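Fold and contact review
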Amino acid sequence: MTRPDQTRPDQTRPDQTRPDQTRPDQTNYDLLYDKEYYREHIGRTYFSDRKLTYKTIHGGYLFISDLNVGFFDSGVFNINGDYIEGTNLHNHSKAQKIVKLSENELKSSKRNNSTVIYAGLFFGLWGHFLTDCMKKLWFLKSKDYAENFSECPIVYIPMAGFKFEGNYRRFIEILGIDCSKFTPVTELTQYDSVIVPDESFFCSDHGYFFTDVYKAMIDCVRNFAVNHCKLMKTKKVYYSHSRLGNGREFGEDKLERYFASKGYTVVYPEKLSLDEQLNILANCESFASTIGSCSHNTIFLRENTEVILIPRSSYLTGYQETINQLYKQRINYVDSTFSIFAGKAPWGGPFLYFISSNLRKFFHDEDTNHIIDASDFWKYLRSASGYKFGKKTFGNIGVADNPDVYRYYSKIAAEYFSQIFKSSWPYKLREFIKKLLGRK
């Protein structure tokens, strides 16, 4: 057992990787608007050979800053109120600095005279659940746990309305972990001891990294899917985000119809059980999605499956780049957006999808011009500016917030706006009059 608040000496640097771990994932970046823009992402390896262990925090506290909104201040703190690294959702220098617990907070905390296993922060977003929320669960399958801590309660911090039910609970059940031992902590509590497992999937300033231990957990779920697979006619699927209705995405219905015309079945994953989804993915031969929680489901596809990933803006999600390297897949990044007003926080949007020339080239369409819906663009512009019918709220726009977005989309902007103009009724009226008058 380790000394209190100390890691074992065999723990390696967070970003240490083996040079022989580069995966032949055959990722195709050629159908992005500007491949050079993403040069730093291409060819990097996100495997780490870090050796996992655990810390014992005697007299440790679990602290929750805000269950509904914040999470950067939440995690495990030692007896002096100092934050324990690796107990937040993710940790790197860009994240908000973790605060030290005050004397008043320490004195007013609830007391629990037991030793508990800290499972982490549980977040009600599927993509984060698969990565950030699963990173400590390896310990519950370890020899150390079985021999020394199997009778200890398992505690976690629920965030943003997370409920330990549905597909989240089912995922943990498939791992063979007893869900009845999980207890949410919703107020500052001190314990006799808190066992803090290392992160098997972790973040550093160099990106997101996975370990063999994390892959073994995903292997468990993949093997379950294969062993319980029922044959389906559906072999090509498009995972859609459109039914979640966040009001910051426009035009994905056009992507749905386009992929449907190519023989894809449109799937709304939030409407299906995990078992139903695993069966779909185990049968899948070609998977398409915009990048986000939906695309993280590629982690359950059989190896060598064709994958089409559409970035939401001028940003390749670091999580997805790491997930792509767990298994050999035929990954294709295809730009089919014009999210020119997306802000610096790439997950915040707004996003505009359309049927791009690049997407049509991927499917070898005879006509490879953009297919643009002008009404989607005007809805997108209103959203970006913060303007709503009957209410002007200018100032919410992401414009000038992220100049890199303008640079990235500059090559297609003129073409896009030209086609928008040519599809407008004034232009069509002018062309009709010119034709009527016999003018060129």
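Residues numbered from 1 in each chain as written. Predicted model: local features only at pLDDT ≥ 70, side-chain atom pairs only at ≥ 80, totals over all residues. Heavy atoms only, no water.

**Digging into the overall build of the protein chain**
Quick reminder of the rule: Numbering goes from the N terminus for both helices and strands, where a helix is a DSSP run of H or I of at least four residues and a strand is a run of E of at least two. Relative accessibility decides the category of a residue: with a 1.4 Å probe and only protein chains considered, values under 20% of the type maximum give buried, values over 50% give exposed, and everything between is partly exposed. Computed with the Shrake-Rupley method and a 1.4 Å probe, the accessible areas treat only the protein chains shown as cover for residues.
Scanning the protein chain from N- to C-terminus turns up 12 helices and 19 strands. Residue burial in the protein chain is summarised as follows: out of 440 residues, 54% are buried. When the accessible surface of the protein chain is totalled, it reaches about 20,700 Å², and 51% of it is carbon and sulfur.

**Details of the nonpolar core**
The following threshold applies: Only buried residues count toward a nonpolar core, which is a set of Ala, Val, Leu, Ile, Met, Phe, Trp, Tyr and Cys residues joined through side-chain atoms within 4.5 Å. In this description, contact between two residues means that some pair of their heavy atoms is separated by no more than 4.5 Å.
If you look at the biggest cluster of nonpolar residues, it comprises 104 residues, and the most contacted ones within it are Phe 122, Met 134, Leu 137, Phe 171, Ile 172, Phe 182 and Phe 338. If sequence neighbours within four positions are ignored, Phe 338 has contacts with Leu 352, Phe 354, Phe 377, Tyr 380, Tyr 409, Ile 412, Ala 413, Tyr 416 and Phe 417. Core analysis: the next-biggest nonpolar cluster, separate from the first, contains 16 residues, Tyr 258, Val 334, Phe 351 and Leu 359 among them.

**Quick word on helix α7 (residues 274-283)**
It helps to recall that an α-helix has 3.6 residues per turn; residues three or four apart then point in one direction. A large share of α7 lies buried, amounting to eight of its 10 residues. Looking only at α7, the buried set comprises Leu 274, Gln 277, Leu 278, Asn 279, Ile 280, Leu 281, Ala 282 and Asn 283. Of the surrounding elements, those touching the buried residues of α7 are α2 (126-131), α4 (166-174), α5 (212-227), β11 (236-239), β13 (265-267) and β14 (286-290).

**As for the pattern of salt bridges**
Put simply, the rule reads: Here a salt bridge means any side-chain nitrogen of Lys or Arg lying within 4 Å of a carboxyl oxygen belonging to Asp or Glu.
A full pass over the atoms with the stated rule returns 20 salt bridges. As a salt-bridge pair, Asp 365 and Lys 262 come within 2.6 Å of each other at their nearest N and O atoms. Here Lys 262 lies in the loop between α6 (252-261) and β13 and Asp 365 lies in the loop between α9 (357-362) and α10 (374-385), a separation of 103 residues in the sequence. Judged by relative accessible area, which is 15%, Asp 365 ranks as buried. Residues Arg 360 and Asp 365 are paired through a salt bridge, measuring 3.2 Å at the closest nitrogen-oxygen approach. Taken together, the shared-partner salt bridges in this structure form one network comprising Asp 253, Lys 254, Arg 257, Asp 373 and Asp 376.

**Considerations on the sheet that holds β11**
Counted only if it meets this: Should DSSP find at least two bridges between two strands, the strands are regarded as paired. Only the stretch in contact is used when fitting a helix axis, every axis being a line fitted to C-alpha atoms; angles between N-to-C directions are given from 0 to 180 degrees.
Strands sit in the order β1-β16-β15-β14-β11-β13 across an open sheet of six strands; the sheet is parallel. Each edge of the open sheet is held by one strand with a lone partner, namely β1 (28-31) and β13. Ignoring which end each strand starts from, the neighbouring axes of this sheet average 25° apart. Pairing of β1 with strand β16 (residues 330-334), which is carried by two bridges, proceeds in the parallel orientation. Within β16, the position partnered with Leu 31 by the bridge is Val 334. The sheet contacts of α6 involve β11, β13, β14 and β15 (306-310), and relative to β11 the element is tilted by about 180°.

**Focus: α5**
Let me state the cut-off plainly: Helices are assigned an expected span. That span is 1.5 Å times one less than the residue count.
Taking 1.5 Å per residue as the helical rise, α5 with its 16 residues ought to reach 22 Å, and the 22 Å between its terminal C-alpha atoms agrees with that figure. Tucked inside the fold, the buried residues of α5 contact α2, α4, β9 (201-204), β10 (207-210) and α7.

**Overview of the environment of Val 405**
Counting through the fold element by element, Val 405 comes out in helix α11 (residues 403-422). Here Val 405 falls in the buried class, since its relative accessible area comes to 1%. Here the alpha-carbon distance between Val 405 and Ala 342, two residues 63 residues apart in the chain, equals 7.0 Å.

**Topic: the packing of aromatic side chains**
Applied cut-off: For Phe, Tyr and Trp, where Trp contributes only its six-membered ring, two rings pair if their centres lie within 6.5 Å, and the inter-plane angle classes them as stacked under 30 degrees, edge-to-face over 60, or tilted in between.
According to the stated counting rule, one finds 49 aromatic pairs in the structure shown. Judged by centre distance (6.0 Å) and plane angle (50°), the rings of Tyr 33 and Tyr 408 are tilted. Here the residue Tyr 33 occupies a position in the loop between β1 and β2 (54-58), and Tyr 408 occupies one in helix α11, the gap between them amounting to 375 residues. Across this residue pair, the class does not change: Tyr 33 and Tyr 408 are buried. A centroid spacing of 5.1 Å and a plane angle of 55° characterise the contact between Phe 162 and Tyr 168, whose relative ring orientation is tilted.

**Here's the deal with the pairing of β2**
A large share of β2 lies buried, amounting to four of its five residues. The pairing of β2 with strand β8 (residues 189-197) spans five bridges and is classified as antiparallel. Looking at β8, one finds that His 58 is bridged to Ser 193.

**As for the packing of α4 against α5**
Keep this limit in mind: Just so you know how the angles are binned, under 35 degrees is roughly parallel, over 145 roughly antiparallel, 65 to 115 roughly perpendicular, and the rest oblique. Amino acid classes used here: Ala, Val, Leu, Ile, Met, Phe, Trp, Tyr, Cys and Pro are nonpolar; Asp, Glu, Lys and Arg are charged; the rest, including Gly, are polar.
The N-to-C vectors of α4 and α5 enclose an angle of 95°; their axes lie 9 Å apart at closest approach. One element, α4, and the other, α5, form an angle in the roughly perpendicular class. Here Arg 170, Phe 171 and Ile 174 of α4 lie close against α5, whose contacting residues are Ile 218, Cys 220, Val 221 and Phe 224. Classifying every residue of the contact of α4 with α5 gives six nonpolar, no polar and one charged.

**What about the side chain of Gln 325?**
Cut-off, in case you're wondering: Two N or O atoms form a polar contact when they lie within 3.5 Å of each other; inside protein one atom must be a possible hydrogen donor and the other a possible acceptor, and for residues adjacent in sequence the pair counts only when both atoms belong to side chains.
Topologically, Gln 325 is positioned in the loop between α8 (318-323) and β16. A residue is classified by how much of its surface remains accessible, and Gln 325, at 7% relative accessible area, is buried. Side-chain polar atoms of Gln 325 contact the backbone nitrogen of Tyr 46, separated by 2.8 Å.

**Here's the deal with the pairing of β10**
By the bridge criterion, four bridges tie β9 to β10 in an arrangement that is antiparallel. Along β10, the bridge assignment pairs Phe 201 with Phe 210. With antiparallel pairing between neighbouring strands as the criterion, β9 and β10 make up a hairpin whose turn holds two residues.

**Overview of the packing of α4 against α7**
Two elements in contact, α4 and α7, have axes whose closest approach is 9 Å; the angle formed by their N-to-C orientations is 65°. Relative to α7, α4 is oriented roughly perpendicular. Taking contact as the criterion, the partners of Asn 167, Arg 170, Phe 171 and Ile 174 in α4 are, on α7, Leu 274, Asp 275, Gln 277 and Leu 278. Looking at the contact of α4 with α7 residue by residue, the classes come out as four nonpolar, two polar and two charged.

**Some points on the confidence of the model for the protein chain**
Filter applied, for reference: Confidence of the predictor in every single residue is expressed as pLDDT, which spans 0 to 100.
Mean pLDDT over the protein chain works out to 85, with 84% of the residues at or above the 70 mark. Note on residues 1-24: pLDDT under 50 across the span, and 57 contacts to partners over four residues away in sequence or across chains. Confidence drops under pLDDT 50 across residues 387-400; counting only partners more than four residues distant or on other chains, this segment forms 22 contacts.

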